[in-house]
Amino acid sequence: MTGMSSQPTREGEGTAGAPAARAVWSRDFALFFMARAIARLGDTMLPVALAAGLLQHGYGAGAVGLAMASTAAAFAGLVVFGGVVADRFSTRKLMIGADLVRLGTQALAAALFFSGHVVLWQICAIGFVNGVAGAVFQPGVASTVPRLASDIQGANGAIRVAESAAQLAGPAVAGLLVGFASPGGVFAAHATTYAVSALCLLLLRLPPLAPGSGRAAVGRGTKAFRADLVEGWREFRSRQWLWGVIAVWCLYMIAVWGPTVPLVATEVVREHGPRAYGLVNSALGAGTVVGGLLALRLRPRRMLRAGAIALFGFAAFPATVGAGLGPPAMATGAAVAGAGMSFWGVMWATSVQTQVPQDVLNRIHAYDVAGSLAMMPVGQALAGPAASALGAGHVLLVAGATSFVVCTTLLLIPAVRGLVRVDAAAAGSARTAVPGPSPAHKR
């Protein structure tokens, strides 16, 4: 892809005639890439630290779930408001502030675990504050990528590979830290990852927004904030491909992803032991890396159509476990599933970042995140009763079949399967245009 015409060439970046790699890799993108990879590494260490730390101090699995839920609830409940805030203020400063807040909370958690004075409500309160900080941080990620790289798909693919590798390594690193140090050491390491992320973002130089895509005016009071919230919802609803995917994704979360994660864990561990589950998890992570690498190379004209086709592969994950196949077959299914999910993720993120005007992108991304996550707890909550009534294997087979239904439904929506990619130059022009639905794409 050529460089965006709406963005000035920055130091370390190429012009339109530069090699394709320079459309992604610049000093500033490298800093953002490092911030995302390091933060993701820390986030994947956290479940191990919480489980080991709380169990060590006499709490049960319910307490671990409650501590995790406090973060998830705050994030899901406030991320839409975080999108409005991100469209009104400097996203870079908001992300740095969110990282510094989480640096403080995780350092406090480390001190509590090191001292041996661990009270559940305090850990839950720390988790809630982390969720609020995450809700402020996350919306800015979507609008930062297009400002740093003219090859938006390549940038998303690179970040996806890094995050997948971090997700693969995080639990192993956390296990080593728990074994050789203590859960408090994992929390201290997690706090350090936020410090590194904040430092990278502090050194980052974001180019100015293109003319006509300025932030919403600040300091206009509650009515203006509500108006911005409503405007974001209106922009979200005006794009059929966007809300169509989110509506289908709610079914996906309830019937596929929600039950698959807990039931695969229980079935594999019960039938084949924890080592087999570790193998399956590693294969899933390796698959996501492969999917990200494929997304770096393949440039489909209709990105969501290609992503939905790749997503068919996810059915192999619950289906192989539900059918009672051996660990090698389950690991293969997990790898195929990870590749399909990762490829879809890059196609989706790139579509949102290139099809939506810059001045509402943070809000749109917030609605996207909130809608995507809304039904996951429902699916997880229903997994246990459904397994008791039908058997875990049957529920996983149904999840595999439903995954096919979801992908087919995505391809049956004309606005989704027919959405044509916006090239870099066209994306730059789109961001300077007055926001509104495009008849050509039925947005």
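Anything mentioned here points back to the structure above.
Residues numbered from 1 in each chain as written. Predicted model: local features only at pLDDT ≥ 70, side-chain atom pairs only at ≥ 80, totals over all residues. Heavy atoms only, no water.

Peer 1: Mind laying out the overall build of the chain, listing which residues take part and the relevant values?
Peer 2: From N to C terminus, the chain includes 17 helices and 0 strands. Counting the 443 residues in the chain, one finds 52% classified as buried. Counting only carbon and sulfur atoms, one obtains 70% of the accessible surface of the chain, whose full area is about 17,700 Å². (Helix = DSSP H or I, 4+ residues; strand = E, 2+ residues; numbered from the N terminus. Buried < 20%, exposed > 50% of the residue type's maximum accessible area, 1.4 Å probe, protein only. Areas by Shrake-Rupley, 256 points an atom, 1.4 Å probe, with all protein chains shown as cover.)

Peer 1: Give a description of the environment of Gly322 that names residues and reports values.
Peer 2: In this structure, Gly322 sits in helix H11 (residues 316–322). Gly322 sits 70 residues away from Ala392 along the chain, and the two C-alpha atoms are 7.2 Å apart. For Gly322, the residues in contact, after removing those within four places along its chain, are Gly393, Leu396 and Leu397. (Contact = heavy atoms within 4.5 Å.)

Peer 1: Which residues make up the nonpolar core, and what are the values?
Peer 2: Soluble globular proteins tend to bury their nonpolar side chains together. Counting 58 residues, the largest nonpolar core has Trp241, Tyr252, Leu311, Trp344 and Trp348 as its most contacted members. The next biggest cluster of nonpolar side chains, apart from the first, holds 22 residues, and it includes Val24, Met95, Ala155 and Leu204. (Core = buried A, V, L, I, M, F, W, Y, C linked by side-chain atoms within 4.5 Å.)

Peer 1: Before we move on, can you summarise empty space enclosed by the protein with the specific residues and values?
Peer 2: To find leftover empty space, one rolls a probe the size of a water molecule over the atoms. This model, assessed by the stated rule, comprises 2 cavities of 30 Å³ or more. In this structure, the second largest cavity spans a volume of roughly 30 Å³. Contributing to the lining of the second largest cavity are Arg301, Met303, Leu304, Ser351, Thr354, Gln355, Leu419, Val420 and Arg421. Elements represented by at least two residues in the lining of the second largest cavity include exactly helix H10 (303–311) and helix H12 (327–355). In terms of residue count, the dominant contributor to the lining of the second largest cavity is H12 (3 residues). (1 Å grid on protein atoms, 1.4 Å probe; cavity = no way out; pocket = protein on both sides within 12 Å on 5 of 7 lines; lining within 4 Å. Points joined across faces, edges and corners; volume = space filled by probe spheres on them.)

Peer 1: Describe the packing of helix H8 (residues 240–272) against helix H15 (residues 392–412), listing the residues and the values that go with them.
Peer 2: Relative orientation of the contacting elements H8 and H15 amounts to 155 degrees, with a least axis distance of 9 Å. One element, H8, and the other, H15, form an angle in the roughly antiparallel class. You can see that H8 and H15 cross each other, and the crossing is left-handed. Between H8 and H15, the contacting residues are Val245, Val248, Leu251, Tyr252, Ala255, Val256, Pro259, Thr260, Leu263, Val264 and Glu267 on the first element and Ala392, Gly393, Val395, Leu396, Ala399, Thr402, Ser403, Val406, Thr409 and Leu410 on the second. For the contact of H8 with H15, the residue count by class is 15 nonpolar, 5 polar and 1 charged. (Axes fitted to C-alpha atoms, helices over the stretch in contact; angles between N-to-C directions. Parallel < 35°, antiparallel > 145°, perpendicular 65-115°, else oblique. Left-handed = near helix turned anticlockwise from the far one by under 90°. Nonpolar A, V, L, I, M, F, W, Y, C, P; charged D, E, K, R; others polar.)

Peer 1: Outline the packing of H8 against helix H13 (residues 358–374), listing residues and values.
Peer 2: Look at H8 against H13: their axes get within 9 Å of each other, and the N-to-C directions meet at 25 degrees. Between H8 and H13, the angle is such that the two are roughly parallel. Here H8 contributes Leu242, Ile246, Trp249, Cys250 and Met253 to the contact with H13, which in turn contributes Ile364, Asp368, Gly371 and Ser372. Here the residues of the contact of H8 with H13 are counted per class, giving 6 nonpolar, 2 polar and 1 charged.

Peer 1: So what's going on with a nonpolar patch on the surface? Which residues, and what values?
Peer 2: Taken together, the side chains of Leu78, Phe81, Val101, Phe128 and Val129 define a hydrophobic patch exposed on the protein surface, amounting to about 390 Å² of accessible area. Elements with a contribution of two residues or more to the nonpolar patch: helix H2 (61–88) and helix H4 (120–148). Among the secondary structure elements, Val129 is positioned in helix H4. (Patch = residues over 30% accessible without salt bridge, like charges linked within 9 Å, V, L, I, M, F, W, Y side chains within 5 Å. Salt bridge = Lys/Arg side-chain N within 4 Å of Asp/Glu carboxyl O.)

Peer 1: Summarise the packing of aromatic side chains; cite the residues concerned and give the values.
Peer 2: On inspection of all chains with the given rule, the structure shows 12 aromatic pairs. Geometrically, the ring pair formed by Trp344 and Trp348 is stacked, given 6.0 Å between the ring centres and 10 degrees between the ring planes. Linking Trp344 with Trp348, this pair stays in helix H12, spanning 4 residues, or about one helical turn. Grouping residues by exposure puts Trp344 and Trp348 together as buried. Aromatic rings pair up to connect Trp241, Trp249, Tyr252, Trp257, Phe314, Phe317, Trp344 and Trp348 into one cluster. One cation-aromatic arrangement involves Arg102 over Phe137; the distance from NZ or CZ to the ring centre is 5.0 Å. (Phe/Tyr/Trp six-rings, centres within 6.5 Å; stacked < 30°, edge-to-face > 60°. Lys NZ or Arg CZ within 6 Å of the ring centre and 35° of its normal.)

Peer 1: Go over the side chain of Ser342, please, and point to the residues and values.
Peer 2: Relative to the elements of secondary structure, Ser342 occurs in helix H12. Discounting chain neighbours no more than four positions away, the residues touching Ser342 are Arg160, Thr288, Gly291 and Gly292.

Peer 1: Can you explain the pattern of salt bridges? Please cite residues and give values.
Peer 2: Proximity of charged atoms lets side chains of opposite charge pair with each other. Per the counting criterion, the structure on display carries 5 salt bridges. When the shortest N-O distance is used, the salt bridge between Arg299 and Asp151 registers 2.7 Å. Taken together, the residues Arg299 in the loop between helix H9 (274–297) and H10 and Asp151 in the loop between H4 and helix H5 (152–180) connect sequence positions 148 residues apart. Judged by relative accessible area, Arg299 falls into the partly exposed class, the value being 35%. Using a relative accessible area of 4% as the deciding quantity, one classes Asp151 as buried.

Peer 1: Explain H12 to me, and be specific about the residues and the numbers.
Peer 2: Every α-helical turn comprises 3.6 residues, leaving residues that sit three or four positions apart pointing alike. Given a rise of 1.5 Å per residue, 29 residues ought to cover 42 Å, and the 41 Å separating the end C-alpha atoms of H12 matches this to within 8%. Across the 29 residues of H12, 22 count as buried, placing the element largely inside the fold. (Expected span 1.5 Å × (residues − 1).)

Peer 1: An account of helix H14 (residues 376–390) is needed here, citing residue identities and associated values.
Peer 2: For H14, built from 15 residues, the straight-helix expectation of 21 Å at 1.5 Å per residue is met to within 8% by its first-to-last C-alpha distance of 20 Å. The sharpest bend along H14 comes to roughly 35 degrees, located at Ala383, with the proline Pro385 sitting one to four residues further on. Listed as buried for H14 are Gly379, Ala383 and Ala387. In the core, the buried residues of H14 are packed alongside H8 and H15. A positive backbone phi angle near 95 degrees is found at Gly391, which sits one or two residues after H14. (Bend = angle between axes of the 7 residues up to and from the residue.)

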